[in-house]
Amino acid sequence: MTTGRSMRAGEAVLGGGLIALGGLIAVETMLTPSVGRAVVGPALFPYLISGGLVLVGLSLLREAFAGAIAHAEGLELDLWAVALVAAGLAVQFLLLETLGWIPSTTILFAAVARAFGGRRLAVNLAIGLALAAFTFVTFNYGLGLNLPEGSIVERLTSPDAE
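Computed from a prediction, not measured in an experiment: that's the story for all the values here.

Peer 1: Honestly, the side chain of glutamine 92 in this entry has me stumped. Any pointers?
Peer 2: On the secondary structure map, glutamine 92 appears in helix H3 (residues 79-99). With relative accessibility at 12%, the residue glutamine 92 sits in the buried group.

Peer 1: Can you help me understand the environment of alanine 90 in this one?
Peer 2: With respect to the secondary-structure elements, alanine 90 resides in helix H3. The partly exposed category is assigned to alanine 90, whose relative accessible area is 36%.

Peer 1: What is the right way to look at the packing of helix H4 (residues 101-115) against helix H5 (residues 121-143) in this model?
Peer 2: Between H4 and H5, the shortest axis-to-axis distance is 8 Å and the interhelical angle comes to 135 degrees. By the angle class used here, H4 and H5 are oblique. Once H4 is placed against H5, the crossing between them reads as right-handed. In contact with Trp101, Ile102, Thr105, Thr106, Phe109, Ala110, Ala113 and Arg114 of H4, H5 contributes Leu121, Asn124, Leu125, Ile127, Gly128, Leu129, Leu131, Ala132, Ala133, Thr135 and Phe136.

Peer 1: I would appreciate a short explanation of a nonpolar patch on the surface in the present structure.
Peer 2: A cluster of nonpolar residues, Val27, Met30, Leu31 and Tyr47, forms a patch on the protein surface that exposes about 420 Å² of accessible area. Its location among the elements puts valine 27 in helix H1 (residues 9-31).

Peer 1: What should I look at first to understand the UniProt feature "transmembrane region" (unreviewed entry) in the protein in this one?
Peer 2: The residues that UniProt annotates with the feature "transmembrane region" (unreviewed entry) are residues 12-32, 44-65, 77-95, 101-117 and 124-143. Across residues 12-32 one finds 95% helix and 0% strand; the C-alpha atoms that close the span lie 30 Å apart. Between the end C-alpha atoms of residues 101-117 there is a gap of 24 Å, over a span that is 88% helix and 0% strand.

The rules behind these values
- Counting of residues starts from 1 at the beginning of each chain's written sequence and follows it residue by residue.
- Reporting of local features is limited, given that this is a predicted model, to residues whose pLDDT is at least 70; pairs of side-chain atoms are given and counted only at 80 or more, and all residues count toward the totals for whole chains, interfaces and linings.
- Side-chain measures were taken over the full set of non-hydrogen atoms in the model, leaving aside hydrogen atoms and water.
- Strands here mean DSSP runs of E at least two residues long; helices mean DSSP runs of H or I at least four residues long; both are numbered from the N terminus.
- For each residue, the accessible area found with a 1.4 Å probe, counting protein chains only, is set against the maximum for its type, and the residue is called buried under 20%, exposed over 50%, and partly exposed in between.
- Every angle, taken between N-to-C directions, lies between 0 and 180 degrees, and every axis is a line fitted to C-alpha atoms, over only the stretch in contact when it is a helix.
- Just so you know how the angles are binned, under 35 degrees is roughly parallel, over 145 roughly antiparallel, 65 to 115 roughly perpendicular, and the rest oblique.
- A clockwise turn of the near helix away from the far one marks a right-handed crossing, whereas an anticlockwise turn of less than a right angle marks a left-handed crossing.
- By the convention used here, residues are in contact when the closest approach between their heavy atoms is within 4.5 Å.
- Residues form patches when they are more than 30% accessible in relative terms and have no salt bridge. Like charges link within 9 Å. Nonpolar side chains (Val, Leu, Ile, Met, Phe, Trp, Tyr) link within 5 Å.
- Calculation of accessible area relied on Shrake-Rupley with a 1.4 Å probe; when residues are assessed, cover is drawn exclusively from the protein chains displayed.
- We define a salt bridge as a side-chain nitrogen of Lys or Arg found within 4 Å of a carboxyl oxygen belonging to Asp or Glu.
- UniProt positions are given in the numbering used here, feature names are shortened, and annotations may be inferred rather than shown by experiment.

Here's what the structure looks like:
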C-alpha cells in the first residue's frame, strides 16, 4: 500500500540513523586493537551487529522512499506489555548485584513471558530458572566470563561465614 507521497520522513530518518549507527560500530570495531589472529574473535559480534543495523536501515530507507506504510491502521502498542518488560529489566538491574544472575534473570524471564501472554507463573519461573542457570554455568565455567553470583550468595558461601 502506498501513500500519495514519495517519501515518509520518519522512516527515512530512522533508516539513516540505523545506517550511521551500524557504520559507527564497524569503524570503532576496526579501530579497537585485537589480541589474536583468530577468525572468530571478539570483533565478530560487533561486526555482525553493525551489518544487521545497516541492513535494517537500508530496508527502512527503501520503504520510506517507496512510500510504503508498515501499519495502514496505525501502530498498535500494548503499553502494559512494554511497561512490564521495562519493569522486569529495571528489577533485574537493581537486584543483579544483590541476588545474583540466576534469581534476577529468572524474574526478568517471568516478566517478559507474562508480557507476551504467558499466564502460568510457576512454569515461567521454572523455565526462567533453567535458562538462567544454563547461561550462568556456560559463561562462568565454560567461557570463563564471570556473571555475578550476588552478594547474598557470596556472604553465605564465604569461608568467614559461620
